[in-house]
Amino acid sequence: LSCPRNFQQHPATPRRFHSTLDMDQRERFEAGLRERNEARLAEKEKKRQDRECAADPTETVAYFTEEFGKDKAAVESGLAELQPDTDPTALTSKFAQLEEAVQALQKLLANSTRFLPAFEIRQAQGAITTLTDAMNDKRNELLPKKKFAFRSSRQKVGAPAATTADQSLVSTSKPDPQVLLDGQKNVQDLQNATVKLSAADVRGKDVTLRQLTDCKVYIEGSPSALHVKSLKNCRVCIGPASRSLFINDCENCTFAVACQQLRVHNTVSTDFYLHVTSRAIIEDCEKCRFAPYTWTFPGLDAAFKESGLDRNSNNWADVDDFKWLKKDEQSPHWSILPEEERIQDWST
C-alpha cells in the first residue's frame, strides 16, 4: 500500500538538517570544554608556580637534617674540647654557650614538627636528650657542685647554720619548716621543706631541683634555666626564666612556670600553670594538665623584663606530645585544667 501524497514523508531532508545542527552544537560544546579545561590547567600551573616562588626552602626534611646534623656536631665537638685544667670562669662561659646551642637545636626541632615525619621527630628528640645528658655529666665532672648550707628562718641570730646533713633532721623535726637558700642554686634531698630563692639568688644562674618530696619551692626572680628531676607531691612556683625548663620524673606536683620553652619527660598526675613563648613539649607523660600562668610576686614585672620574655605571647595550650603523633586527634596524655579546679590563692 502507498500513502496518500499529502501524507508522504521525506525523511532525508530533516535528517540532514538535524545532523548538521547536532554537529555544530557538538563542536561548539567541545570547543567550550577545551577552553575551560585549558583555563583550568593554566590556573593550576599559575598556582603551582606561585607556591614554588613563595615556598620556604627551610621547611624541608633535607634542610632540617643538614642543619640539625651540623649544629649537633658542633655541640659534640665543643663538649670534647672541654678540659679539666680549663679556668672555671671560662668553663662556665663555655657551658652557657653550649646550652644555648642545644636550645637552638630544640627550637629548630619544635619549629619543624609540622612537616617532619614522626620518625625524624623521635630521632631528633632523642639526640637532643643525649646531648643534654652528656652536657650535664660533663658539667658535673668539670664543675662539681659545692655543698650548700641551709638555715631556718626561725633561727636565732648568731646560731650556726644547719648543714646539708643536718637538714634531714630539720625537715623531720618540724611539719613545715621554712628554709632559705644561702647564695646557692641547687636544691636537693629535702622532705617537707619550704625553699625560697630571691632575685639575687638566681639572677643569670641555672637552678637545679632534685629529689624533693612534699616541698614548696618559690623562686621570686629570673633564673637562666631550670632543671627539675624526681619531685613528688611538690609545689614549685618560678619567676620567668630566660631560657628553658626541663622537668623529668615528677609525680603529683604543681608547677607555675614562665619560660621560653618547657620540656617535660616521664611525669604523671601533674598540673602546669604556664607562660611559654615557644611551646611546651611532653614525652612519656600521663595525666598532665595545663592552665595559664597566674602566680604573682613582688617584682614580677621586673623579672619578666629581665628575662626578655614577651608577656603578650603565651602559648600555654600549645602542647606537643612526642608520644602522640596523630595530628587530627587530641593526645590522651594531657588536657586543659578546668577553670573551677585552678588555684586562685597561691598563698595557701
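## Some points on the overall build of the protein
- In terms of regular secondary structure, the protein is built from 7 helices and 16 strands.
- Within the protein, the fraction of its 348 residues that count as buried is 38%.
- If you take every contact in the protein between residues at least 6 apart in sequence, the share linking residues at least 24 apart comes to 41%.
- Approximately 19,800 Å² of the protein is accessible, and the part contributed by carbon and sulfur atoms is 51%.

## Considering the nonpolar core
- With 39 residues, the main nonpolar core has Leu209, Leu212, Leu231, Phe255, Leu262, Leu274 and Phe290 as its most contacted residues.
- The contact partners of Phe255, leaving out residues within four places of it in the chain, are Val228, Leu231, Val236, Ile247, Cys250, Thr270, Asp271, Phe272 and Tyr273.
- Membership of the second largest hydrophobic core comes to 23 residues, among which are Leu79, Leu109, Ile121 and Ile281.

## Some remarks on the state of the cysteines
- Under the counting rule described, the total for this entry stands at 0 disulfides.
- No disulfide involves Cys288; its nearest neighbouring cysteine sulfur is the one of Cys285, lying 4.4 Å away.
- Among the residues examined, Cys288 registers a relative accessible area of 1% and is labelled buried.

## Here we look at unusual backbone geometry
- Even without a glycine there, the phi angle at Asn192 is positive, about 55 degrees.
- Counting through the fold element by element, Asn192 comes out in the loop between strand 3 (186–191) and strand 4 (194–198).
- Positive phi values are uncommon outside glycine, yet Ser269 reaches one of about 50 degrees.
- Its place among the elements puts Ser269 in strand 12 (residues 268–276).
- Relative accessible area serves as the criterion here: at 33%, Ser269 is assigned to the partly exposed category.

## Quick look at the environment of Ala104
- Topologically, Ala104 is positioned in helix 3 (residues 88–112).
- Taking C-alpha positions, Ala104 is 10.0 Å from Lys72, a pair spaced 32 residues apart along the chain.

## Observations concerning the side chain of His227
- Along the chain, His227 turns up in strand 7 (residues 225–232).
- When residues no more than four places from it in sequence are discounted, the contact partners of His227 are Glu99, Asn136, Asp206, Val207, Thr208, Leu209 and Phe246.

## Looking at the pairing of strand 13 (residues 280–283)
- Residues Ala280 and Ile282 point to one face of strand 13 and Ile281 and Glu283 to the other, with burial holding for every one of them.
- With 4 bridges joining them, strand 11 (residues 261–265) and strand 13 adopt parallel strand pairing. Counted as the bridge partner of Arg263 is Ile281 from strand 13.

## Examining the pattern of salt bridges
- Here the structure, examined in full by the defined rule, presents 10 salt bridges.
- Across the salt bridge formed by Asp271 and Arg289, the nearest N and O atoms sit 2.9 Å from each other. Separated by 18 residues along the polypeptide, Asp271 in strand 12 and Arg289 in strand 14 (residues 286–292) bring together distant segments of the chain.
- A residue is classified by how much of its surface remains accessible, and Asp271, at 13% relative accessible area, is buried.
- We note a salt bridge from Arg289 to Glu341, for which the minimum N-O separation is 2.7 Å. Residue Arg289 is located in strand 14, and its partner Glu341 is located in the segment after strand 16 (334–336); the two are separated by 52 residues in the primary sequence.
- By relative accessible area, which is 23% here, Arg289 ends up partly exposed.
- On the basis of relative accessible area, Glu341 is assigned to the partly exposed category, the value being 42%.
- Counted as one network, the salt bridges with shared partners bring together Glu99, Arg139, Asp206 and Arg243.

Definitions and limits used
- Residues numbered from 1 in each chain as written.
- Predicted model: local features only at pLDDT ≥ 70, side-chain atom pairs only at ≥ 80, totals over all residues.
- Heavy atoms only, no water.
- Helix = DSSP H or I, 4+ residues; strand = E, 2+ residues; numbered from the N terminus.
- Buried < 20%, exposed > 50% of the residue type's maximum accessible area, 1.4 Å probe, protein only.
- Contact = heavy atoms within 4.5 Å.
- Areas by Shrake-Rupley, 256 points an atom, 1.4 Å probe, with all protein chains shown as cover.
- Core = buried A, V, L, I, M, F, W, Y, C linked by side-chain atoms within 4.5 Å.
- Disulfide = S-S within 2.5 Å.
- Pairing = 2+ DSSP bridges.
- Salt bridge = Lys/Arg side-chain N within 4 Å of Asp/Glu carboxyl O.

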